[in-house]
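# Secondary and tertiary structure notes
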Amino acid sequence: MKRIYAVLMCMILAAASLVGCAQSSGDSKADSSVQESSKEESSAAEESSAVEEFSEAESSAEESKAEENTELKAELRAKFPEKADQVVVEADSVTFEDASSETVTIQKNPQKTVNLYGSFTTLWYEAGGTVAGCIGGDSAITLYQEYIGRDITQDEGVTVVATSSSGKKWDVESIIAQQPDLIICSTAMSGYSTIQAPAEAAGIPVIAMSYNDFSDYLKWFKVFCNLNSQEELWDTVAMPALDSVVEILAKCPTEDTPKVFSMFSGAESLQANTTNTVVGEMIEEMNAVNIVDEWENASGAERLDINLETVYAADPDIIVVQCHAGAEAAQQQIQELYGENPVWQSLRAVQEGQVYYLEKELFHNKPNSRFAEAYQKLAEILYPDLEL
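This write-up is about the structure you can find in this document. (Residues numbered from 1 in each chain as written. Predicted model: local features only at pLDDT ≥ 70, side-chain atom pairs only at ≥ 80, totals over all residues. Heavy atoms only, no water.)

### Describing the sheet that holds strand β8 (residues 206-209)
Note the following rule: Between any two strands, at least two bridges found by DSSP are needed for them to pair. For the purposes of this entry, the term helix denotes a DSSP run of H or I that reaches at least four residues, the term strand denotes a run of E that reaches at least two, and both are numbered from the N terminus. Axis angles are defined between N-to-C directions and span 0 to 180 degrees, where every axis is a line fitted to C-alpha atoms and, for a helix, only to the segment in contact.
One open sheet accounts for five strands, arranged β6-β5-β4-β7-β8; its pairing is parallel. Each end of this open sheet is capped by a strand with a single partner; those strands are β6 (159-162) and β8. Geometrically, the sheet is characterised by an average inter-axis angle of 20° between neighbouring strands, direction not taken into account. Strand direction decides the pairing type here: strand β4 (residues 113-115) and strand β5 (residues 133-135), joined by two bridges, are parallel.

Listed below in structure tokens is the structure:
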């Protein structure tokens, strides 16, 4: 009996020991599980905090970029109309400084205007005017058809007073004989210097124009629309053009911008455009580098003769060609002059197919209210990945 009792006691002690071990193991596993859960929660919290910090930094960077973009737009909206802001509009007259550097006052609503420059004629019509006399010839007629929508030389009451914008080819006496009450001409091609004295002697006011960029467009549009008593066109034509140009320029990158060689295909030669030309200034406004501006004698010059060795040394990413007589004529001219030239053929831009011929209508003729279209076309060339 004692032996049976002893056996039972051993069995009870063994069972108790097993239960104790099981509880100890369970407690240990529970503690381990709690520790692992705590580590996971801590890691998740750290990851969440890092994501929040990154998101905040990214949001702050975007806000800063948006603020800079807003400031840039404001600067551009203030810069472009600076010349136009100097135009003084009175009830019956408009006062401004013309390209002769003289301050002139012109009475509103001229009844018989003679415009001696094709692109200025299209701007005059865009600003609500009509002419009694203008330049004729195939080039001018094409221009009128493209911008005005018809050949105005066929309009009733319109006289073709010359077939060239070059003053040296004008019959000044016949122009004065038209007895206009306003003459508009360019300071280029001997225009103003040819007509100014005879017109002054006849008591006819003359506007001397120089129109090289978008700021000039805004100035002359303000002058013209007010002279024609169509001041509402400033808000419906000029301001939308300004808004569109500003939006395009504000999107142009400021880093890793291309080096550009800008060429001008003229009637008799090829030249290089500096920033003092319409195309050159547009390139600069888009933050690209115009390699011609680094050349000797570039300061103050509009165009320079081309040295291909100098172009090769600058290694431009892109070549743009401003076309005087259209893209086909420019391509033929370059082929004739440079087609077999090993330096031209070795230019990286040529080898990679980065030579672009700019539309004559937008980049040689004055684009007027289509300036935004011109800026967009050039932006697509300089920054093909840019969303416009």
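### A closer look at helix α3 (residues 118-126)
Operational definition: Type-normalised accessible area, obtained with a 1.4 Å probe on protein chains alone, sets the label of each residue: buried when under 20%, exposed when over 50%, and partly exposed for intermediate values. In this description, contact between two residues means that some pair of their heavy atoms is separated by no more than 4.5 Å.
Counting buried residues in α3 gives eight out of nine residues, a clear majority hidden from the surface. Listing the buried residues of α3 in full gives G118, S119, F120, T121, T122, L123, W124 and Y125. On its buried face, α3 sits against β4, α4 (138-147), β7 (182-186), β8 and α7 (214-227). Positioned one or two residues after α3, G128 has a phi angle of 95°, which is positive.

### Side note on the pattern of salt bridges
Put simply, the rule reads: Every case where a carboxyl oxygen of Asp or Glu lies within 4 Å of a side-chain nitrogen of Lys or Arg is listed as a salt bridge.
Across all of its chains, the model carries eleven salt bridges by this definition. In this structure, D155 engages R150 in a salt bridge whose closest nitrogen and oxygen atoms are separated by 3.0 Å. Judged by its relative accessible area of 21%, D155 is partly exposed. By relative accessible area, R150 is classed as partly exposed at 37%. We note a salt bridge from D315 to R348, for which the minimum N-O separation is 3.1 Å. With D315 in the loop between α10 (308-314) and β13 (318-323) and R348 in helix α13 (residues 348-351), this residue pair connects regions lying 33 residues apart in the sequence. Its relative accessible area of 27% is what places R348 among the partly exposed residues.

### A short note on the environment of S193
What counts, and what does not: Distance and chemistry together define a polar contact, namely a pair of N or O atoms within 3.5 Å, with one atom able to donate a hydrogen and the other to accept it when in protein, and with adjacent residues in sequence counting only for side-chain atoms on both sides.
Note that S193 resides in helix α6 (residues 191-201). A residue is classified by how much of its surface remains accessible, and S193, at 59% relative accessible area, is exposed. Put simply, S193 and G167 are 26 residues apart on the chain and 7.8 Å apart in space, counted from C-alpha to C-alpha. Within the structure, the side chain of S193 is placed 3.3 Å from the backbone oxygen of S190, a separation counted as a polar contact.

### Observations concerning the sheet that holds strand β1 (residues 88-89)
An order of β1-β2-β3 is seen for the three strands of this open sheet, with the pairing classed as antiparallel. The open sheet is flanked by β1 and β3 (103-107), the only strands paired with a single partner. Pairing geometry for β1 and strand β2 (residues 93-97), over two bridges, is antiparallel. Pairing of V88 across the sheet is with T95, part of β2.

### Quick word on the environment of V246
In this structure, V246 sits in helix α8 (residues 233-251). Beyond its immediate sequence surroundings of up to four residues, V246 is in contact with K73, L76 and R77.

### Focus on unusual backbone geometry
A negative phi holds for most residues other than glycine; trans holds for most peptide bonds. Phi is positive for Q179, which is not a glycine, with a value near 55°. By the element assignment, Q179 lies in the loop between α5 (172-177) and β7. According to the relative accessible area criterion, Q179 is exposed, its value standing at 65%. One non-glycine residue, N287, lies in the positive phi region at around 70°. Relative to the helices and strands, N287 is located in the loop between α9 (278-285) and β11 (289-290).

### A look at the packing of aromatic side chains
Where we set the bar: In this scheme Phe, Tyr and Trp rings, the latter by its six-membered ring, pair at centre separations within 6.5 Å, and the angle between planes marks the pair as stacked below 30 degrees, edge-to-face above 60, and tilted otherwise. By the criterion adopted, a ring carries a charge over it if an Arg CZ or a Lys NZ lies within 6 Å of its centre and within 35 degrees of its normal.
With the rule as written, the count across this model stands at 14 aromatic pairs. Seen from their ring centres, F96 and W220 are 5.7 Å apart, and the 80° between their planes marks the pair as edge-to-face. Taken together, the positions of F96 in strand β2 and W220 in helix α7 put the pair 124 residues apart, joining distant regions of the chain. Each member of the pair, F96 together with W220, is buried. With a centroid separation of 5.7 Å and 45° between ring planes, the pair formed by Y217 and F221 is classed as tilted. Of the two residues, Y217 and F221 are both situated in helix α7; the distance of four residues between them amounts to about one turn of the helix. On the basis of relative accessibility, which here comes to 0%, the residue Y217 falls in the buried class. Of the aromatic side chains, those joined through ring pairs into one cluster are F80, F214, Y217, F221, F371 and Y375. Across from the ring centre of F80, 4.7 Å away, lies the NZ or CZ of K79, which sits over that ring.

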